[in-house]
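Residue-level listing of the chains:
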Amino acid sequence: MKVTVFGVGYVGLVQAAVLADFGHDVVCVDVDSDKINDLKNGIIPIYEPGLTSIVERNYGEGRLGFTTDAVEGVRHAEIQFIAVGTPPDEDGAADLKYVLAVASTIATHMTSKKIIVDKSTVPVGTADKVLSQVSEVLATRGEAIEHYVVSNPEFLKEGAAVNDCMRPDRIIIGTASEYVKAQMRELYAPCNRNHDRMIFMDVRSAELTKYAANCMLATKISFMNEISRLAEYLGADIENVRRGIGSDERIGYHFIYAGCGYGGSCFPKDVQALVHTANSINYDAQLLKSVEAVNYRQKEVLFDRISRYFAGDLSGKTIALWGLSFKPKTDDMREATSRVLMESLWEQGAKVRAYDPEAMEETQRIYGCREDLELVGTKESALQGADALVICTEWKAFWAPDFDQIKGALRQPVIFDGRNLYDPQQVERHGLAYYGIGRGRSVSA
Ligand code: UDX
């Protein structure tokens, strides 16, 4: 089948590459000519395991094209994906200007039937807005061309996006049209060979499903983070509590890890956007607001601990930081806890010496060159002469460090572990003080 994808951001590029890999003939359109040129030259704008090779292969074999020419994109295919950004505006609402601009572009240049697929995460009611936008433009053109708008939200995890897209848990299709259902079934046929993953529903339910999924996951994390605070004050260990409750199948082991807060481009934005949608219909979404508030507070936990450990005096201290990205296997720094921590440390006159396997370039881009930030090439060199070690991201490279070496390198033998990577007793046996999240004794820091 022929497919056009508007937007070569994270979602659009992964989706386009995977559809091309399924054998479809895919054209990607973006207004950013630098990005398009880079892609033609094999330069992928984001770090995502497996993405470079699948883009290169499909581009090389002619199934994946890149262009800034929207007219070419509209003509190319009946199926038109909208995968452009929906950045939050000042009050947390998803800004639809890019989505609606693509809708107008498609309507302006279409000369034959189109199925417009909303792939971006958009508030409930957006498909209706896209539909009216397209109908309006067609009306001013004096044309009546058959068109449909379908909601098909993505559920990609950064760091596992290619795999999630190739082998999705579910493919949500929001449409009332039998014709569109059949086309979507054909498009996604390679995902359904062993097991039917298509779930059809009305368009508004599909739009809400995406928010409900992310908000449920964010709720699980904030719930555990709240219990972790109680554990600290009550002298319990959240890691035992996690194993204890995860064994109940109704709760499950996934996504119940307490830590220094969730980040990324989805959870913070989507929780805020749903709160905003609730406000717009005069519904006070209390649980969702608390999920956000708990996470906000959780991002300050590491700094509070460090500050208390040094009796409130951080000036002239150097803090070694392992992990900058919001989670492992990505260079994404959006809403990363490391940022909240570094900014608080700098405000108190401390220096940060940081190492991350992928996100150092991005950190440099965000903060530029500053005296109180040193980015170093290995995790070991971050430690030399530092006053304490802090872990913000659970990269595998940090799972089994040489604790004796850490002790030898640090001026103050102490680890603040924002991801509960280590066994406190084991660390303490090496003569290091250890503070995890929700691990009883940590509270005395
Ligand atoms: C998320 C959803 O998982 C995905 O389905 C959706 O499409 C987009 O949003 P992503 O943002 O890539 O994906 O990251 P995810 O792996 O879900 O992690 C989000 C944050 O939660 C990270 O900061 C992670 O460290 C944190 N987290 C996750 C916890 O603190 N505890 C957990 O138990 C799990």
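Thresholds applied
- Residues numbered from 1 in each chain as written.
- Predicted model: local features only at pLDDT ≥ 70, side-chain atom pairs only at ≥ 80, totals over all residues.
- Helix = DSSP H or I, 4+ residues; strand = E, 2+ residues; numbered from the N terminus.
- Buried ≥ 20, exposed ≤ 12 C-beta atoms within 10 Å, placed from the backbone.
- Contact = placed C-beta atoms within 7 Å.
- Pairing = 2+ DSSP bridges.
- Axes fitted to C-alpha atoms, helices over the stretch in contact; angles between N-to-C directions.
- UniProt positions renumbered as here; feature names shortened; annotations may be inferred.
- Near = placed C-beta within 6 Å.
- Nonpolar A, V, L, I, M, F, W, Y, C, P; charged D, E, K, R; others polar.
- Domains from an automatic or database assignment.
- Expected span 1.5 Å × (residues − 1).
- Arc of directions from axis to C-beta.
- Right-handed = clockwise from strand over helix to strand, strands pointing away.

Novice: With reference to specific residues and values, describe the overall build of the protein chain.
Specialist: If you tally the helices and strands in the protein chain, you get 18 helices and 14 strands. Overall, the C-alpha framework of the protein chain stretches about 75 × 45 × 45 Å when taken along its three principal axes. Across the 445 residues that make up the protein chain, the buried fraction comes to 46%. Of the contacts made within the protein chain by residues no fewer than 6 positions apart, 72% connect residues no fewer than 24 positions apart.

Novice: Before we move on, could you go through the environment of Ser381 and cite the residues and values that matter?
Specialist: Among the structural elements, Ser381 can be located in helix H16 (residues 379-383). A tally of 14 C-beta atoms within 10 Å means that Ser381 is categorised as partly exposed. As a C-alpha pair, Ser381 and Gly142 span 239 residues in sequence and 67 Å in three-dimensional space.

Novice: Residue-level account of the pairing of strand E7 (residues 171-174), with values.
Specialist: Across the two faces of E7 the burial is the same, with Ile171 and Ile173 and Ile172 and Gly174 all buried. Inspection of the sheet shows E7 paired to strand E8 (residues 198-201) by 4 bridges, in the parallel sense. Residue Ile173 lies in a different strand from E8, and its bridge partner there is Phe200.

Novice: Any details on the sheet that holds strand E10 (residues 351-355)? Residues and values, ideally.
Specialist: Pairing is parallel across the open sheet formed by 6 strands, whose spatial order is E11-E10-E9-E12-E13-E14. Two strands lie at the open edges of the sheet, namely strand E11 (373-375) and strand E14 (433-435), each paired on one side alone. Ignoring strand direction, the axes of neighbouring strands in this sheet form an average angle of 20 degrees. Examined bridge by bridge, strand E9 (residues 318-322) and E10 share 5 bridges and lie parallel to one another. Looking at E10, one finds that Ala320 is bridged to Arg353.

Novice: Could you give an account of the UniProt feature "domain: UDP-glucose/GDP-mannose dehydrogenase C-terminal" (unreviewed entry) in the protein chain, with specific residues and numbers?
Specialist: When the UniProt feature table is mapped onto this chain numbering, "domain: UDP-glucose/GDP-mannose dehydrogenase C-terminal" (unreviewed entry) sits at residues 320-424. Annotation note: span residues 320-424, helix share 30%, strand share 18%, distance between end C-alpha atoms 19 Å.

Novice: I'd love a proper account of the site of the ligand, names of residues and values included.
Specialist: Around the ligand sit 19 residues, and of these Glu158, Tyr257, Tyr262, Gly264 and Cys266 come closest. It is helix H9 (residues 203-234) that contributes the most residues to the shell around the ligand, 3 residues altogether. Counted by class, the shell around the ligand contains 11 nonpolar, 4 polar and 4 charged residues. Shared between two domains, the shell around the ligand takes at least three residues from each, and those domains are domain 1 (2-201) and domain 2 (202-445).

Novice: Can you break down unusual backbone geometry residue by residue, with the values?
Specialist: Look at Lys329: it is not a glycine, yet its phi comes out positive at around 65 degrees. Along the chain, Lys329 falls in the loop between E9 and helix H14 (337-347). We note that Glu335 has phi near 60 degrees; this positive angle belongs to a residue other than glycine. Residue placement: Glu335 occurs in the loop between E9 and H14. Judged by the 19 C-beta atoms lying within 10 Å of it, Glu335 falls in the partly exposed class.

Novice: With reference to specific residues and values, describe helix H12 (residues 286-298).
Specialist: Between its first and last C-alpha atoms H12 spans 18 Å; for 13 residues at 1.5 Å apiece the expected length is 18 Å, and the two agree. Every buried residue of H12 is listed here: Leu288, Val291, Glu292, Val294, Asn295 and Gln298. Down the axis of H12, the buried set is contained in an arc of 160 degrees. They therefore lie on one face. Exposed residues lying more than 90 degrees from the buried face of H12 are Gln286 and Ala293. Where H12 is buried, its residues meet H9, helix H11 (267-280) and helix H13 (301-309).

Novice: Please provide a residue-by-residue account of the pairing of strand E1 (residues 2-6), values included.
Specialist: Among the 5 residues in E1, 4 count as buried, and that is most of the element. Sheet topology places E1 next to strand E2 (residues 25-29); 5 bridges connect them, and they run parallel. Directly across from Val3, in E2, lies its bridge partner Val26. Taken together, E1, helix H1 (residues 10-21) and E2 form a β-α-β motif whose crossover is right-handed. Relative to strand E4 (residues 79-82), E1 is paired through 4 bridges, and the arrangement is parallel. Across the sheet, the residue bridging to Phe6 is Ile82, located in E4.

Novice: Explain helix H5 (residues 97-109) to me, and be specific about the residues and the numbers.
Specialist: A rise of 1.5 Å per residue sets the reference length of H5, with its 13 residues, at 18 Å; its end C-alpha atoms lie 18 Å apart and thus fit the reference within 8%. Residues of H5 that are buried include every one of Val99, Val102, Ala103, Thr105, Ile106 and Ala107, and no others. Of the surrounding elements, those touching the buried residues of H5 are E1, helix H4 (70-76), E4, strand E5 (114-118) and helix H6 (126-141).

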